[in-house]
Amino acid sequence: MPISDAKPRDQLAEQLAEATAEALRQDLAQQERVLLVVSGGSTPVPFFQAMASRDLPWARIDVTLADERWVPVDAEASNARLVREYLLVGPASAANFISLTTDDETPEQGVEAVARRIEALSWPASLVVLGMGGDGHTASLFPDSRELELALSTAEPVVAVRSPSQPQARITLSADRLHQARRHVLHITGGDKRSVLARALGGDDLRELPIRAFLSCPLAVYWAP
């Protein structure tokens, strides 16, 4: 990351962490447990680090992912590894993390077990933090995925996904489940992704740019160069 980009992105991460912590506090004042849904990739790492230092009753907070690669939990590509390494540290290690993978060989084999875990959580989520790729995907809703229509339309909580553009099979929360939240955030960085978002706002074809599935609901956009 260029030095000129580091400061705005770190500031953005702090702002998002404070907004997230406040949302969780508000809901914890009304209910015993709350749910935070986060995304993987490199963009949220500073956000995870900022969140980990927040003073919260972490033992009452459930954390899960919007999507996951079907790889071992300690693999370099694992979003769960990323969350455990950067978010669930210090006081935040008391949070209850819900993985989206099983020991099954494929996500198709594990999807029912994962669905049961997800259904058992405190929906609606307090907050869903979405990311976005340069192709307009969010979670594992990829434009070239044969499961995209299913993931956009099903009432099931999770969908096994395969995409020609991705090296690993994946599992993702469905669009319906991701919509089941009190608050939605889109966390993106860089001029390229700002341009993709601008293009998404100018049309309505979900298959072209799946992020469009979330532009009709209140969506707070956190962006930095």
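Parameters at a glance
- Residues numbered from 1 in each chain as written.
- Predicted model: local features only at pLDDT ≥ 70, side-chain atom pairs only at ≥ 80, totals over all residues.
- Heavy atoms only, no water.
- UniProt positions renumbered as here; feature names shortened; annotations may be inferred.
- Core = buried A, V, L, I, M, F, W, Y, C linked by side-chain atoms within 4.5 Å.
- Buried < 20%, exposed > 50% of the residue type's maximum accessible area, 1.4 Å probe, protein only.
- Helix = DSSP H or I, 4+ residues; strand = E, 2+ residues; numbered from the N terminus.
- Contact = heavy atoms within 4.5 Å.
- Polar contact = N/O pair within 3.5 Å; in protein donor to acceptor, adjacent residues only side chain to side chain.

The name recorded for the protein chain in an unreviewed UniProt entry is 6-phosphogluconolactonase, from Halomonas chromatireducens. Per UniProt, the protein chain has the following entry under Function (unreviewed entry): "Hydrolysis of 6-phosphogluconolactone to 6-phosphogluconate." The UniProt entry for the protein chain carries the following text under Sequence similarities (unreviewed entry): "Belongs to the glucosamine/galactosamine-6-phosphate isomerase family. 6-phosphogluconolactonase subfamily."

1. Focus on the nonpolar core
Looking at soluble globular proteins, one finds that nonpolar side chains tend to be buried together. The biggest cluster of nonpolar side chains holds 74 residues, and the ones touching the most others in it are Val 37, Phe 47, Ile 118 and Leu 178. Here the element with the most residues in this core is helix 1 (residues 3-28); it accounts for seven residues. For Ile 118, the contacting residues outside a window of four places in its chain are Thr 64, Ile 98, Leu 100, Trp 123, Pro 157, Val 158, Leu 173 and Arg 177.

2. Focus on the UniProt feature "domain: Glucosamine/galactosamine-6-phosphate isomerase" (unreviewed entry) in the protein chain
According to UniProt, the "domain: Glucosamine/galactosamine-6-phosphate isomerase" (unreviewed entry) feature falls on residues 9-215. Taken end to end, residues 9-215 is 34% helix and 16% strand, and its first and last C-alpha atoms sit 23 Å apart.

3. Observations concerning helix 3 (residues 79-86)
Listed as buried for helix 3 are Asn 79, Ala 80, Arg 81, Leu 82 and Val 83. Tucked into the core, helix 3 has its buried residues touching strand 1 (34-38), helix 2 (45-52), strand 2 (61-65), strand 3 (67-69) and strand 4 (96-98). Looking at where helix 3 begins, the residue whose side-chain oxygen comes 3.2 Å from the main-chain nitrogen of Ala 80 is Ser 78.

4. A look at the side chain of Asp 67
Inspection of the secondary structure puts Asp 67 in strand 3. Judged by its relative accessible area of 5%, Asp 67 falls in the buried class. A polar contact is formed between the side chain of Asp 67 and the side chain of Arg 170, at a distance of 3.3 Å. With residues up to four places along the chain from it excluded, the contact list for Asp 67 reads Asn 79, Leu 100, Ala 139, Ser 140, Arg 170, Ile 171 and Thr 172.

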